[in-house]
Each structure stands twice: as structure tokens, then as C-alpha cells.
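Chain by chain, the residues run as shown.
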There are 2 protein chains.
Amino acid sequence: MRVSKLLGQRFKNPPSDCVIESHALMARGGYMKYMANGIYSLYMPGRRIMRKIEAIIRDEMDRADGQEVLFPVAMPASLWEESGRYSSIGSELARWTDRSGNKMVLGMTHEEAAVHLARDTAASYADYPFMIYQIQTKFRDEPRARGGLIRVREFTMKDAYSFHTSKEDLERYYAIQHKAYENVFRRAGAKNVISVKSDSGMMGGSVSHEFMLLTEIGEDTLAICPECGYSANMEAAEVKIENERVPSEPLEKVATPGKGTIEEVCDFLGADRKRACKAVVYQKNADDSYIIVFIRGDLEVNETKLRNYLGFEIHPGVVTEESGIVAGFIGPVGGANVRTVFDASLKGIGNLVCGANEKDFHYKGLDLDRDVKDAEYADVAKIFAGAVCPGCGKPVITIKKGIEVGNIFQLGTKYTEAMNMTYLDADGEAKYPLMGCYGIGVGRLAASICQESHDDYGPIWPMSIAPWQVEICNLRCDDPAVNATAEKLYADLDALGVEVLYDDRDIRPGAMFADADLFGIPIRAVVSPKTEERGVIEVSFRDKSFKGDLNRDGAAEAIRDMVAEELKKYE
Amino acid sequence: MRVSKLLGQRFKNPPSDCVIESHALMARGGYMKYMANGIYSLYMPGRRIMRKIEAIIRDEMDRADGQEVLFPVAMPASLWEESGRYSSIGSELARWTDRSGNKMVLGMTHEEAAVHLARDTAASYADYPFMIYQIQTKFRDEPRARGGLIRVREFTMKDAYSFHTSKEDLERYYAIQHKAYENVFRRAGAKNVISVKSDSGMMGGSVSHEFMLLTEIGEDTLAICPECGYSANMEAAEVKIENERVPSEPLEKVATPGKGTIEEVCDFLGADRKRACKAVVYQKNADDSYIIVFIRGDLEVNETKLRNYLGFEIHPGVVTEESGIVAGFIGPVGGANVRTVFDASLKGIGNLVCGANEKDFHYKGLDLDRDVKDAEYADVAKIFAGAVCPGCGKPVITIKKGIEVGNIFQLGTKYTEAMNMTYLDADGEAKYPLMGCYGIGVGRLAASICQESHDDYGPIWPMSIAPWQVEICNLRCDDPAVNATAEKLYADLDALGVEVLYDDRDIRPGAMFADADLFGIPIRAVVSPKTEERGVIEVSFRDKSFKGDLNRDGAAEAIRDMVAEELKKYE
């Protein structure tokens, strides 16, 4: 491809909406063009990167016995009503009405479509297991599109669905997919991807993992153990608290005038925050009824864990006078008649400070075992740096940020039951198959790799997904000798099957190199009057790992071998 | 791929909505599954055919200097308002509103997106010409989805857009695309595809061609000259009439009581229908004003040609009493004061019969040159079998049916002007680039080839797009020797890079062969106790062009060579 004919502009200053480097570089480098909030077109370099990632994914899915299929983007709402998601998913689901008045949706995932394709067909246990996948456009009406291709509304996704007759077989295959995902990320050149246990959210099911590319700009927060390798999304991370039991003193009401926060009370009473019983108020979305969570004073409530424990949607509570709740002075002894949940951090601990359910008063000496009958304990705390690792038990948890570049779920029978997909087992009994589902966002992966692998001047694309493998910079196309060498190298490399971007423009070397940095192509071959005089081609790697001259004769073959050598790193 | 694990069912009876063979066979063969009106999912065999066609198209587009890009499926309505198509296109355009209340559309073509991607970027004449294309999902809310993948609402399409600085350059490139299209259809194994001049319809522009696969079940009607190769969609075909001038007699009013149709009048007066001036009444959609078209009595009006000539939408007229039009007795002399158009078939002809604009009366002896001043002539007649060929002038036009499998348009500046895309020419003057656009429906092409190439038992896929190249039928998987041979052949062919579908099921040979016919795979290799005894593999071609035995030793290599030989036919 000749740069002179390549559509798309490179420019110096990023669009004003770029807050992360990968977005700025991919916009500045002519990879993509903004059309609407979270909606982009891709220029040729962007499309080529996507296609290379797609090819890697396709290869790994085929190796994992996947059958490539195609589901519709536009689906009848009736199918989503079968699964219950038409009503359970909010405005992320794009809904519309066709010319005949039928309610329609745009696919954001395709569990319903996968069950629709498989049911009536996989009727016998002998037809299992199988996996179907597609690489197709999805639409999710994100409230907060951001970061260029990191979080968009329309995106290309590989989504796979496996079907099984037993939990063991699902788990066996889940492990195969886990391995396939590791392969995909390694082959695409993503360096810092880890898999973490995650919250399954709206997908249903129990076991799930997210593949996280570790980066400061990540939206997800992860708890990682540097000792044993344990990792989990903060939304799902278990918190293990080992409390030291101290002798309980009698419950004593003390005046704490105007001390309505846990910090103020602890300071006022000279108490350690680890010896306070903090209250946090929520309300159930459905009926606004109150839930009070008590938690150790130094910890925070993890709302996702609380939501999953409760089994319904909640929001931070707004305390009204009629509620009987005394905001700022809430405690577990007496008080309003609402549901209370005690975080496990309060187990086995005595002599606590807590609210007295009376304005300007707290208790000292609270002992939950003694003072609160039938307390309901659950792990709803947010994990923190230095927490005890649920894996190895050492207090070494670190907190990192990551971008979710893939996820895998053991869905179980959630969808097959709801949509009545059954098979006959060996005994002739009708059963619901178990499902797993496995997703990778192609554009997000491309952008994440750019985020991980760039410098101030542009992306540093791994050879396996680079839009082209080699860029030729012809620094003097008006010099016949230089031009002839550059053109010949272009033709020779092309004949050898090397993917070449050829900058044949009559522009200043500085501008050409600036563009080359934005193209981020792994190997650069420079032809200039100086190299021409020396009878060489100057070759350098975008990642600065090599720079040197190649004899003009045989340069194309040498470059082809360098490309092959680089590609081996991503096998 | 093992058939035992392949998702999708083959069955004997087609779904009740199948009215054409290709639809019935692709439904019965487990290629696709109906989800909603005009919306299908594809099973693995269907997806593989699509991917092979996509690869052929991509290759030809790349050879034609195409840059593969990606446009969004979901686009803001504002972009379509720029081009004017948001209001000019009817309910085929799927419209919806996103969570923020923005009006959105689903892309049915991407002229707007192409201009959006290219404008601001291709700012200088030196940046031209260029072509961008994508292979992506489209949605068109067809009122009459039919024929399986022939006419759907959601479909995969290759759409390409070229940009030029002169009409000559557009025409030069248009010819390159025309050739690329011929290559695509030949390489995909479509045998009877011709290019015909077409009506540009809503796409705008002037010159356009449709690529038509000739088949009885086609929805389009074509005029074809077997002598010179002229071809045109009936909607656009020029009608050349050579009238014999006869001496004009005086205009004479005659009573024709109750003779309100051209047939009745001609029979009554003993006149040849070629010597009658027939009237057809239309109304303009916008204001219901009348247009009367006069045409030679033996011809029909082509409403598309009339619409294009008039430049506005029309519908068949409903004659009211207030209109002053005397239905059944309309003539060009006197009569109601409405716009009249004379078809060119009435030029240079005398002595005609026509209505007298008075109930139960006609004229004889009409001579338009003499009796009607300033008659407005235009070619608005429907072409017919035996018409004079506009190409070679011989009266040999034949009428055939076809499916449109591709189309190419010279759009000109319609979109660039509307969306204000300009470039600076060599003189520094701002100009609108000219566009061409080029589309192929991938699924429709697959279905059309199935329609063209099948027998009663299933599709006969060309080697270039067959879901697999070879099918192994293992007739006795319970016989260890037979099974070992089949498994080895499967492994050997796979190692040689041959795409194999392996029927490893324990079913009756009849059922296995019936399924094999539905898979339509070009080469079939049968392993049975009989072949095992003879030390051979029985090989047959799905198109019945070959059947014979191969020595078991070296069979895989021989089959690989057969595949290669077949593939050559589609290069």
C-alpha cells in the first residue's frame, strides 16, 4: 500500500475528547474516525489490525472445536422475552419497531440466538458437547462511551457458546477456553493480561473469569496476590478478616453531640476505627424498603457483592424522617424495624462503638454475639491493599487497574431452562443442557494493546497484529536512484509475501518519520541519498530493539527473515 | 469436521414457506435457521460458504486498489439528513432512538458513511482517486422478504465507494470494477451472470449496471439481445420503434358505444392495435394531479421509465368526474387540461384511432403531427420479446428473468454536493469529487448459486465456495477395518490441507448419502466393507462428472490433486 493513496490523515494534536493515550494515538494516526458518541468508522490501518486479531481468535476457536456461525444483529424482541432479558436489561439494549410494528432489539450478546439455533437440533445427549461462535457487530447503548475503542456502543465481538450435558463437561471445556484465551492474548501481543474471578452480573451463572489487561487507565479494579497469583475483580473478591477478640465491656450509652460520621465518633471517643461498627443505608430499587449494612469501621461496602447476596437491585439510601432511622447514629441495638446485614468483618469481635439510634448518642462496649440475636452475616466488604489473600492467607493483596479484554462464563441452565431447550439423555429423560459463553471485544483488544505498547510518538504494534509488517520510507522520491531502490524494495518485499506500507510521498523526512511513528509498524526500512551512496538499506525496529544497515542486495530477503523471526514470538 | 458433532439438522421436507428450490435445499440441509421475517442465523456450512465468497470478493477488491474499512451499522440520523435520504427513503430504513433520545438509523447502504470517512481527509486532488470498501451487516426493512437468503432484511454486503476528480477517471475505474465483478462471479462459480444497464433508482447518478444471474425464479425482468449481447433491465431498456408512415386521412369522429378498451375499439373498427393511440392515466403522488400518457395500442407503459422521465413519483390514476377526463374515451385532441406525454412509439405514424374525449365516441384518422401541436415525446414504453435491439437494430430482443447479485453505479456528485465534500484542484479551486459505488450481497449470491447449481437432492456447490472440499462417508464405523481406513483418510487429507467433512455416524448408507447430497460437497469419498475388501476408496463427484476407485495407498494425495484441479476452474 502506498501512503500517497492511503485514506486517512495523521495529525499532531489529538481531538479534544481524547483522555487516554491509545485513543489519542489511534485518532491522530488515522486508524478511526468519530461518527457519533461511541460509534466510529475504521480506516484501512484500523481495519487491518482488527482483521488480524479476528484471524487469531478464529484460529483459536477452531482449535477449541468451535463451529463458526452467524447470528443476526437485529432480532425479534420475542426471543429476548423468552429469556426474560427483554425486561431485565435496561436502556443498554437498543429497542426499535420494524415497519410491521414488531418489537425488535439490536444484539448486545447472543445467548438467546445461540439457544434458538441449537434447540430442536441438538436433541440427543450424543450430539453434545459442541461450541458455536461468531465474529459479528454488536450494539450496547453504553451510557458512558469513552477511551476511543475501549468503551464504545457499536463494536465487533467474538462471542462463543458451548453446550454440555454435565457440569463436569462444562468445567472441562471451560478450562479449554481459558487456555484458548491465554493463547489469543499472547498471540496478539498483549503482555500483561491476567484472568481474574469475576462477578457474573446480568449474564447469570456462577463461575466466571475476566481477562484483564493491566493498565493504569483501566476502569476495573483488581485484587491481586503477588505471592500465590490469586486474582479477582474487586467486585467479586472475597474479604477474609481475622479479628482479635477482646474482652467485652458492658454496653454503655455515651453522648457524642454532633459526631455523625465514623471518623468523628472514633476521634471523639479515642477508639480505633477497627473497633467501630459502621452503618451504611441502602434501599431496594423495587419498593424503596431499607437495608442497613453494618461493617467494621475501617472497611467499605462492596455494593456488587451486597447486591448479589441480596439477590435484588439496590441504591444508596435516602433516609427520611418517617423511616425511624436516625441518620448518623444508627446502631444494631434497637432502632428502626428494617432488614439488617452484618458484614463478616464484624464476626468474633467485641467491645465495639456503634450508634445508639438516638440523635447525638452512641454505644460503647457492643458485643454482637451478646447484644444482637440472630445477626445475619455475609461477606459484603470491599477488598483493600494489604488484605489477607483468600488464596494463600498472607496479608499481601495489591490493588491494580485493568481493562477487561475478554470474559468467560459458566452459565449453567439459565438460558436453556428459560427458553425450554432440552435433550434426551441416555435413559430417555428430557434434560436441560448446560451452557458456557465466551466473549472477546476485538476493537477493545486492539486499543488495549496500543495502550500497553506505545511511546510518545505512536503505537508500537506487535508484529502479529501490525497493520503492515514493514514500512519503507523513501526520503527522496525526486532522486531517481533513491526512488528506484525504494520502488524495487517495495516490489521485492511484495513478491516475497511481506506486507508493506510504502511511504512514497514527496515530503520532509521529519514529517515522514512522524507519520511512521504513528503507523507503528514494527520494521522500518529507510532509503535516502546517504543509504544509496553506501549501497545499503537502513533498517530499524519501532520498539528500538534493533537499528542497522542491510546490504541493498538481498535486503528484501533479510527483511522477510526478520519478519518471520518476529512472528515466531507470537506463535 | 465430524458430522456427528456438526450442529444443524438435515431433513426431508422443506419448511412450508419455501417456494423456491434453493431456499428449500438450504433450509433442509442445515445451512440456515429462520428467526424472524427476513432474518436468519447461519449454521457452520452456511457461514463457511459465506466466508469463501467474502474471501473472493475481498481479493478482487484489493486487486482493484480497494482499501478495506469498516462503517458502523448504527448511524446517527443527522448524517442521513445531510444527504437528504433520511426523508427521501421510506420505511425500508430502520429508524430508532437511542437512550439519549438521538435519532438513529440502521445502515442499508453506506454512501453517507463513506463521504463522512473521506471528507476533511482527501483534501487535495493529489489524494484521488481512491476506493474504500467494507464487508458488513446491513439492514433493509423489506416489505416482502422471500426466497430464503435471496431477499432478506438483514444481510451481509460488500459495499465499495470510489472517489474521483473527473468523469473520465470515474468511468475508467467503473470499468475496472465491472471487470472485478465478472471475476467475482466467475470465481464463485456462478455460471449465468450477465451485466445489464439498469435504473439507478434511489441511489442517484446516471450510469449503472446490475449483474443478473439468469434464472426462472428471478424477480427482475431483462431484455437481452442474442445477436449483439445487448442487455438491460426491463425497467431501463430503451424501446426503438420504426413506424411505417401511412397517408393520413381526415380526422373523423365515430360512434363506439360501450367500447371503452383498446381491444374493443380496434375490434369494433377493424383497426390494427398498432394503429391505435392508447391513453393511460397516472397521478403525481405529491398533489394527485393527472398525467395522461399516450402510447401505441400494442405497447405498455413502463412506469419506472415514466417516473424517471417525469422526475417525480406517480401512481396509477383514479379518474374522478370532476377531472373532466372521460375514462375509456380519452384522446389527444381536446379533452381535459392535464399534462400529456406521448410515447415515442407514436412518432411518425399517421391514421390512428383514438378517444374523442366524449363518451361512446372515438376518432379515426388521427395524425399527431397535424392534429396535436407541441406534443411532448418520450421513451416510456415497456420493452417486449421481438422488439428492435437498441444495440444492433435487429428485432430479436428476448425477455428473461434474473436475480440481481451485484450492482455498480456512477453516482457523480450527488452525495459529495449534498454533504459538502470538496477538494482543491490543481488551480486551488474547491470542487466536488465524483463517486462510484459498488455492491454485492454475499448471502444472496450464495443462494443464487445454489439455485443455479442443484439437483433434486441438494446443492451442487462449486469447489471454490463449497463449505468443505471433500466429504468422507464411513459406511460402517462399527467395522474396525473400515473405520480405521476412514479415520486415516480423514487425518491424511487434513494433514494435506484439504477441507474435509467426515461423516462418522453410525447410520444407514441411504440416510448418509441423502445427507451428503444436501451438503453438496464436490468430492465424495466412500469407505465401506466392499471398498475395504478391494483395497480402494470410492470417489465420486457431486456433479456426476466422475466416479471411480482410488487405490487406498496414495488416495489422500490423489484426492488433494483432484481438489486442486477443480479449484483451477475458478481461478
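Computed from a predicted model, the values in this text were never measured in an experiment.

With that settled, the discussion passes to the relation of the copies chain A and chain B. Here the two chain copies are tied together by a rotation about an axis and a shift along that axis. It takes a turn of 180° to lay chain A on chain B, together with a shift of 0.1 Å along the axis; the resulting RMSD is 0.2 Å. Taken together, the rotation angle and the small translation identify this as a two-fold axis. Of the C-alpha atoms belonging to chain A, the one lying closest to the rotation axis is found on Trp96(A), 2.7 Å away. Mapped onto chain B, 100% of the interface residues of chain A are again interface residues, and the two copies thus contact each other with one and the same surface.

Moving on to the packing of helix α2 (residues 44–63) of chain A against helix α6 (residues 167–187) of chain A. A packed helix pair is summarised by two numbers, namely the angle formed by the two axes and the spacing between the axes. All names here are of chain A. Running from amino to carboxyl end, α2 crosses α6 at an angle of 155°, the nearest separation of the two axes being 9 Å. With respect to α6, the axis of α2 lies roughly antiparallel. Relative to α6, the crossing made by α2 is right-handed. Across from Ile56, Ile57, Asp59, Glu60, Met61 and Arg63 in α2, the residues of α6 making contact are Gln177, Ala180, Tyr181, Asn183, Val184 and Arg187. Tallied by class, residues from the contact of α2 with α6 come to six nonpolar, two polar and four charged.

Attention now goes to the side chain of His23(B). All names here are of chain B. Here His23 lies in helix α1 (residues 21–28). Its relative accessible area of 5% is what places His23 among the buried residues. Every residue in contact with His23, bar those within four places of it in the chain, is listed here: Asp17, Cys18, Met32, Tyr40, Gly147 and Gly148.

Here the focus is the pattern of salt bridges. All names here are of chain A. One pass over the structure, following the stated rule, counts 102 salt bridges over all chains. Between Arg187 and Asp59 there is a salt bridge; the shortest N-O distance is 2.8 Å. Taken as a pair, Arg187 in helix α6 and Asp59 in helix α2 lie far apart in primary sequence, 128 residues in all. The exposure class of Asp59 is partly exposed, given its relative accessible area of 26%.

As a further point, take empty space enclosed by the protein. Inspection of every chain in the model, using the stated rule, returns one cavity of 30 Å³ or more. In this structure, the largest cavity spans a volume of roughly 180 Å³. Every residue lining the largest cavity is counted, 16 residues in all, and those nearest its centre are Tyr40(A), Glu154(A), Phe155(A), Thr156(A) and Leu70(B). For the lining of the largest cavity, the secondary structure elements donating two or more residues are β2 (39–42) and β8 (154–164) of chain A. Its residues placed into classes, the lining of the largest cavity shows 10 nonpolar, five polar and one charged.

Residues and elements named next belong to chain A. Sheet architecture is open: five strands sit in the order β16-β14-β15-β17-β20, paired in mixed fashion. Because the sheet does not close on itself, it has two edges, and the strands there are β16 (314–316) and β20 (377–378). The pairing of strand β17 (residues 339–343) with β20 spans two bridges and is classified as parallel. Counterpart to Phe342 in the pairing with β20 is Tyr377. Along the sheet, helix α8 (residues 303–310) makes contact with β14 (277–284), β15 (290–296), β16, β17 and β20, crossing β16 at roughly 140°.

Turning to the packing of aromatic side chains, a few remarks are in order. All told, the structure shown has 31 aromatic pairs over all chains when counted by the stated rule. Measuring from centroid to centroid gives 5.6 Å for Phe541(A) and Phe546(A), while their planes differ by 65°, and the two rings are edge-to-face. Among the residues examined, Phe546(A) registers a relative accessible area of 33% and is labelled partly exposed. Centre to centre, the rings of Tyr173(B) and Tyr438(B) are 6.0 Å apart; their planes meet at 75°, and the pair counts as edge-to-face.

Counting all residues, the mean pLDDT for chain A is 94, and 99% of those residues have values of 70 or more. For this predicted complex, the interface score ipTM comes out at 0.89, while the overall pTM is 0.89.

With that settled, consider the side chain of Thr121(B). Locating Thr121(B) in the fold gives a position in the loop between α5 (111–118) and β7 (130–139). Thr121(B) gets classed as buried once you look at its relative accessible area, which sits at 11%. Among the polar contacts listed, one links the side chain of Thr121(B) to the side chain of Tyr43(A), at a separation of 3.4 Å. Setting aside its immediate chain neighbours within four residues, Thr121(B) contacts Leu7(A), Gly8(A), Gln9(A), Tyr43(A) and Asp127(B).

A word on the environment of Ala276(A). Among the structural elements, Ala276(A) can be located in the loop between α7 (262–269) and β14. As for Ala276(A) and Asp298(A), which are separated by 22 residues in sequence, their C-alpha atoms are 7.9 Å apart.

To continue, consider the pairing of strand β28 (residues 500–503) of chain B. Residue and element names in this part refer to chain B. Burial along β28 is two-sided: the face carrying Val500 and Tyr502 and the face carrying Leu501 and Asp503 are both buried. Note: strand β27 (residues 470–474) against β28, four bridges, orientation parallel. Of the residues in β28, the one forming a bridge with Val470 is Val500.

Conventions used here
Residues numbered from 1 in each chain as written. Chains lettered and ligands numbered in written order. Predicted model: local features only at pLDDT ≥ 70, side-chain atom pairs only at ≥ 80, totals over all residues. Heavy atoms only, no water. Least-squares fit on C-alpha atoms with pLDDT ≥ 70 in both. Contact = heavy atoms within 4.5 Å. Axes fitted to C-alpha atoms, helices over the stretch in contact; angles between N-to-C directions. Helix = DSSP H or I, 4+ residues; strand = E, 2+ residues; numbered from the N terminus. Parallel < 35°, antiparallel > 145°, perpendicular 65-115°, else oblique. Left-handed = near helix turned anticlockwise from the far one by under 90°. Nonpolar A, V, L, I, M, F, W, Y, C, P; charged D, E, K, R; others polar. Buried < 20%, exposed > 50% of the residue type's maximum accessible area, 1.4 Å probe, protein only. Salt bridge = Lys/Arg side-chain N within 4 Å of Asp/Glu carboxyl O. 1 Å grid on protein atoms, 1.4 Å probe; cavity = no way out; pocket = protein on both sides within 12 Å on 5 of 7 lines; lining within 4 Å. Points joined across faces, edges and corners; volume = space filled by probe spheres on them. Pairing = 2+ DSSP bridges. Phe/Tyr/Trp six-rings, centres within 6.5 Å; stacked < 30°, edge-to-face > 60°. pLDDT = per-residue confidence, 0-100. Polar contact = N/O pair within 3.5 Å; in protein donor to acceptor, adjacent residues only side chain to side chain.

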